[in-house]
Amino acid sequence: AEDGDTIVVRPGTYRVPVVLDRAVAIRGDGPREQILVEPVGGEAIGFAASGASVSRLTIRPAQAGNDGAAHSAIAVHNVQVRIEDCDLTSHLGATVWIGGPSSRVLIKDCTIHDGAQNAVWVTEEGRAEITSCRVTGHRWPLTVGGEHTSLVVRGSEILDNYDHGIVGGDGATLVVEGCTVSRNAGNGVWLQAAAPASRVADNDIDSNGGAGVYAEASRGQVTGNRITDNELGIGVMGASTPTLEGNRIAGSGLGIGVRGEGADPRVSGNTIEASGREGVVVDQGAAGRFDANTVKDCGRGGVWVSDRGSSPRFSGNHVNGAAYAIVATAGGGGQFRSNDLRGNTNGSWYLDDPGALTCEDNLEDSGAAPAEPDAEPPSASDPPTLMN
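Described below are features of the structure shown in this document.

Scoring rules and cut-offs
- Residues numbered from 1 in each chain as written.
- Predicted model: local features only at pLDDT ≥ 70, side-chain atom pairs only at ≥ 80, totals over all residues.
- Heavy atoms only, no water.
- Helix = DSSP H or I, 4+ residues; strand = E, 2+ residues; numbered from the N terminus.
- Buried < 20%, exposed > 50% of the residue type's maximum accessible area, 1.4 Å probe, protein only.
- Contact = heavy atoms within 4.5 Å.
- Areas by Shrake-Rupley, 256 points an atom, 1.4 Å probe, with all protein chains shown as cover.
- Disulfide = S-S within 2.5 Å.
- Phe/Tyr/Trp six-rings, centres within 6.5 Å; stacked < 30°, edge-to-face > 60°.
- Patch = residues over 30% accessible without salt bridge, like charges linked within 9 Å, V, L, I, M, F, W, Y side chains within 5 Å.
- Salt bridge = Lys/Arg side-chain N within 4 Å of Asp/Glu carboxyl O.
- Lys, Arg positive; Asp, Glu negative; His and termini not counted.
- Charge placed at Lys NZ, Arg CZ, Asp CG, Glu CD.
- Core = buried A, V, L, I, M, F, W, Y, C linked by side-chain atoms within 4.5 Å.
- Polar contact = N/O pair within 3.5 Å; in protein donor to acceptor, adjacent residues only side chain to side chain.

A word on the overall build of the protein chain. The helix and strand tally for the protein chain stands at zero helices and 47 strands. In terms of overall dimensions, the protein chain has a C-alpha envelope of 85 × 30 × 30 Å along the principal axes. In the protein chain, buried positions account for 56% of the 388 residues. Of the contacts made within the protein chain by residues no fewer than 6 positions apart, 44% connect residues no fewer than 24 positions apart. Taken as a whole, the protein chain presents about 14,500 Å² of accessible surface, with 44% of it coming from carbon and sulfur.

What follows deals with the state of the cysteines. All told, the structure shown has zero disulfides when counted by the stated rule. Not engaged in a disulfide, the cysteine C86 finds its nearest cysteine sulfur in C110; these two sulfurs lie 4.9 Å apart.

This model, assessed by the stated rule, comprises five aromatic pairs. Ring geometry for Y324 and Y350: centres 5.6 Å apart, planes at 50°, overall tilted. Taken together, the positions of Y324 in the loop between β41 (318-320) and β42 (326-329) and Y350 in strand β45 (residues 349-352) put the pair 26 residues apart, joining distant regions of the chain. Side by side, Y324 and Y350 carry an identical accessibility label, which is buried. Chaining the aromatic ring pairs together yields one cluster made of F290, F314, F336 and W349.

Turning next to a negative patch on the surface. On the surface, E124, E125, E147 and D170 cluster together to form a negatively charged patch. Take E147: it is sitting in the loop between β18 (142-145) and β19 (150-154). A residue is classified by how much of its surface remains accessible, and E147, at 55% relative accessible area, is exposed.

Among the nonpolar cores identified, the biggest contains 79 residues, and F47, V54, I59 and I107 are the most heavily contacted of them. For F47, the contacting residues outside a window of four places in its chain are L20, A52, S53, V54, I74, A75, V76, H77, V79, V81, R82 and I83. Core analysis: the next-biggest nonpolar cluster, separate from the first, contains 13 residues, L232, M237, L254 and V281 among them.

Moving on: unusual backbone geometry. Positive phi is not limited to glycine here, since A193 has a value of about 55°. Its location among the elements puts A193 in the loop between β24 (189-192) and β25 (199-201). Despite not being glycine, A330 has its phi angle at roughly 50°, a positive value. By the element assignment, A330 lies in the loop between β42 and β43 (334-337).

As a further point, take the pattern of salt bridges. Across all of its chains, the model carries 24 salt bridges by this definition. The shortest N-O distance in the salt bridge between E129 and R154 comes to 3.7 Å. Separated by 25 residues along the polypeptide, E129 in strand β16 (residues 127-131) and R154 in strand β19 bring together distant segments of the chain. On the basis of relative accessible area, E129 is assigned to the partly exposed category, the value being 27%. Across the pair R266 and D291 runs a salt bridge, and its minimum N-O distance is 3.3 Å. Of this pair, R266 sits in strand β34 (residues 266-268) while D291 sits in strand β37 (residues 289-291); the two residues are 25 residues apart in sequence, bridging distant segments of the chain. When its relative accessible area of 37% is taken as the criterion, R266 is described as partly exposed. On the basis of relative accessible area, D291 is assigned to the buried category, the value being 12%. Salt bridges linked by common partners bring E129, R154, E177 and R199 together as one network.

Looking at where N78 falls in the secondary structure, it is placed in the loop between β9 (74-77) and β10 (80-84). Note: C-alpha distance between N78 and F47 (31 residues apart in sequence) is 8.8 Å. When neighbours within four sequence positions are excluded, N78 is seen to be in contact with G99, G100, P101, S102 and S103. Here the side chain of N78 touches S102 through a polar contact of 2.8 Å, landing on its backbone nitrogen.

Locating L341 in the fold gives a position in strand β44 (residues 340-341). Considered as a pair, L341 and G28 are 313 residues apart in the sequence and their alpha carbons are 62 Å apart. Dropping the residues within four chain positions of it, L341 is found in contact with V319, A325, I326, S348, W349, N362, L363 and D365.

Here the focus is the side chain of T228. Position of T228 relative to the elements: it lies in strand β29 (residues 226-228). Relative accessible area serves as the criterion here: at 18%, T228 is assigned to the buried category. Other than its neighbours up to four places away in sequence, T228 contacts I205, D206, S207, R248 and A250.

Worth remembering: the numbers are spatial, not functional.
Here it is in C-alpha cells:
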C-alpha cells in the first residue's frame, strides 16, 4: 500500500499487531463487531505515520497469550491520525495511549469500554479530541497530564467508570463540552492543577460518587452545567481560582464547597438547590466572591462559613428555604451586602464565635439580626464536610 490508499478489511479475526507506517486508511467492510483486530505480542494498532486512519473495526489485545504486558488497543506517538466508529478495549494497558508533541488525534463515534486502566491517556505534550464517543467500565478515566498537553471532549458519554470520569492535571488543558458524565465512582470531572484555559461547559454531570466538578490548585471556567445528585456539586480546593458561572446544582449532599487558603473562586449566576446539608460551605481559610446566586431549599444552612481566616464576599444573592440563611462559626466571617436572606425556617443568621463580619443592606426575616438566636440550628455540633 502507498500513501492515500484505502485498505478494506473483511469480517474475520486478525491476530497480528498492525503498525501503520504510511498514510493509509484502514476501513472495515461489514458489521464492526465481526471485524476483530485481536493480536498477540504488541499494541493491537500502532500509528507511526501522519494522515493514517482506522474505522469500523473492533480493536483489542487478545485475552490469551500476551503474558500480562500492558498493551493498548491503540497507541499513537508523534503523528496526526483519525480513529472513527471503532469498538475499543484493552484488558492490559490503557485502551488508547497518545503521546509526543506532534500528536494530534481525533477519536470520533467510538465505543471505549471495559478497560483495565485508562480509557484514553494523553501525555508527553500530545493533543487529542474525543467527539460523540461512549466511554464506560474503565478502572481509570479519560486522562490528560503535563504542560502543553491537551484533551477536548465534546458530545460524549462518560458513564459507569470505576474511578473518576475525566481528569486533567499537571498543567494540561482539559475542555469538556456538551457531555453526559454520570455514575462514575469518583468525581465526574477533576481539574487537578489544570491549565488556566481549561473549561467545563454545558454538560450534564450527575450521580457521581464524589464531586460533579472538583477543582484543585486550578483556574479555568465551569459554566452552564447541570450538576445533579452528586455527593458534592462543585468543590474548590486550596490555591484554586476558577470561575463558576450559570450552573444549576441540585440534589447534592453539598452544593458548592470552597476549602483552604488560596481557594478564591468567582461564583456568579448559579442556582444551588435541594442540597441535603448546605448550599455553600467556605472553610479552612478560603475566600471567594459570590454574586447574584440563588441558594434555596438546602437543609442545614444556605451558606456556612467556618474557621478563622475564612472571609468570602457575598453580594446580591438570594438565600432561602434553609434552617438558617447564613451560619458563621469557629471564627468564620466575611462580607454580606445587599443579599435577600428572607424565608428561612429559623431566621436569617446563626452566629457561634464568628470572625469579622460586614452585614449591610441585606433583606432579612422580621426580627432577625446577626446575633445568636434562641434555638440551636439542627447541626450546630455537626461541622460541615465537603465529601464523605
